[in-house]
Amino acid sequence: MKSGVVRFSRGMGPLGVAGGVAIAIGVPYVVVAYGAHLADWVHLVAIILSLLCGGTVALASALFGIAIPKTVQETKDESEPEAAERPIVPGDER
């Protein structure tokens, strides 16, 4: 049985969450502050879409930051012989 060392990134998940929050807060701010000439429905659609997109980015970054490892290193299992030492057995897929 093979074993390994798994390491997770500490910075990318929180950075992605911060980016998603920035999208969810920043786009509505810009639309409201500088979009006076836009129709009311355009404001509403832009704000809802930015909240949905920013929330999705933040949620995906948080989940991927938790679930996807940065590195996986296999360690040598001392109980398993090297490939040259193992006898060739038909059907053995090690």
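Look up: the structure comes first, before these words.
The notes below deal with the structure included here.

## Some thoughts on helix H2 (residues 40-67)
Since one α-helical turn is 3.6 residues long, residues separated by three or four positions face the same way.
Here's step 1: Over its 28 residues, H2 runs 40 Å from end to end, which matches the ideal 40 Å to within 8%, given 1.5 Å per residue.
Here's step 2: When we look at burial in H2, the residues that qualify are His-43, Ser-50, Gly-54, Ala-58 and Ser-61.
Here's step 3: At its buried positions, H2 is contacted by helix H1 (12-34).

## Remarks on the side chain of Ser-50
Here's step 1: Structurally, the position occupied by Ser-50 is in helix H2.
Here's step 2: Filtering out sequence-adjacent residues up to four positions away, Ser-50 remains in contact with Ile-23, Ala-24, Val-27 and Pro-28.

## Regarding a nonpolar patch on the surface
Here's step 1: A contiguous nonpolar surface patch, about 630 Å² in accessible area, is contributed by Trp-41, Leu-44, Val-45, Ile-48, Leu-49 and Leu-52.
Here's step 2: Tracing the sequence through the fold places Leu-49 in helix H2.
Here's step 3: Residue classification places Leu-49 among the partly exposed positions, given a relative accessible area of 46%.

Cut-offs used in this document
- Residues numbered from 1 in each chain as written.
- Predicted model: local features only at pLDDT ≥ 70, side-chain atom pairs only at ≥ 80, totals over all residues.
- Heavy atoms only, no water.
- Helix = DSSP H or I, 4+ residues; strand = E, 2+ residues; numbered from the N terminus.
- Expected span 1.5 Å × (residues − 1).
- Buried < 20%, exposed > 50% of the residue type's maximum accessible area, 1.4 Å probe, protein only.
- Contact = heavy atoms within 4.5 Å.
- Patch = residues over 30% accessible without salt bridge, like charges linked within 9 Å, V, L, I, M, F, W, Y side chains within 5 Å.
- Areas by Shrake-Rupley, 256 points an atom, 1.4 Å probe, with all protein chains shown as cover.
- Salt bridge = Lys/Arg side-chain N within 4 Å of Asp/Glu carboxyl O.

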